[in-house]
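# Structural features, examined
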Amino acid sequence: MRCVAVFVGINHASAKVDFDNNIQLSLTLAALSIGLWWTFDRSRSGFGLGVGIAFLATVVTQLLVYNGVYHMNVKLSQKNLIRNEEGKKIPFVQKNKM
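Quick caveat: nothing in here was measured; it's all calculated off a predicted structure.

### Focus: the overall build of the chain
Along the chain, the regular secondary structure elements total 4 helices and 0 strands. Counting only residues that meet the buried cut, the chain has 4% of its 98 residues in that class. Total accessible area computed for the chain in this model is approximately 9000 Å², and 64% of it derives from carbon and sulfur atoms.

If you want it as structure tokens, here you go:
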């Protein structure tokens, strides 16, 4: 149960924390995942299974994006990217043109 709680916490934190680029996010998640494995499992088979599933999920996700099955909602991403000069988030408001 603790493992699930830590896993959910890591995923929630990675969604809420603003990273400068995708490499920083990926390295942070990789380090936290290895720490999670080290804390709860420490077996070679568990590590191999985790790496294998992560690689397979990455390949499947890339294929889905490449084939157009999954795509990013541009308006939603613009909502999260609008900031002022100090780096604070500004709420995105889309006005009707009527």
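The structure having been displayed, the exposition proceeds.
### With respect to the UniProt feature "transmembrane region" (unreviewed entry) in the chain
According to UniProt, the feature "transmembrane region" (unreviewed entry) maps to residues 25-40 and 47-66 in the numbering used here. Taken end to end, residues 25-40 is 100% helix and 0% strand, and its first and last C-alpha atoms sit 22 Å apart. Along residues 47-66 one finds 100% helix and 0% strand; the C-alpha atoms at either end are 28 Å apart.

### Here's the deal with helix α2 (residues 22-40)
End to end, α2 covers 27 Å across 19 residues, agreeing with the expected 27 Å (1.5 Å per residue, within 8%). For α2, the N-terminal cap is N21; the gap from its side-chain oxygen to the backbone nitrogen of I23 is 3.4 Å. Of the residues trailing α2, R42 is marked for its positive phi of about 65 degrees.

### So, the packing of aromatic side chains
Geometrically, a pair of aromatic rings is defined through the distance of the ring centres and the angle of the planes. Counting across every chain of the model gives 2 aromatic pairs. Taken together, a centroid distance of 4.9 Å and an interplanar angle of 55 degrees make the contact between W37 and F47 tilted. With W37 in helix α2 and F47 in helix α3 (residues 44-66), this residue pair connects regions lying 10 residues apart in the sequence. Ring-pair connections join several aromatic residues into one group, and the members of that group are W37, W38 and F47.

Parameters at a glance
Residues numbered from 1 in each chain as written. Predicted model: local features only at pLDDT ≥ 70, side-chain atom pairs only at ≥ 80, totals over all residues. Heavy atoms only, no water. Helix = DSSP H or I, 4+ residues; strand = E, 2+ residues; numbered from the N terminus. Buried < 20%, exposed > 50% of the residue type's maximum accessible area, 1.4 Å probe, protein only. Areas by Shrake-Rupley, 256 points an atom, 1.4 Å probe, with all protein chains shown as cover. UniProt positions renumbered as here; feature names shortened; annotations may be inferred. Expected span 1.5 Å × (residues − 1). Polar contact = N/O pair within 3.5 Å; in protein donor to acceptor, adjacent residues only side chain to side chain. Phe/Tyr/Trp six-rings, centres within 6.5 Å; stacked < 30°, edge-to-face > 60°.

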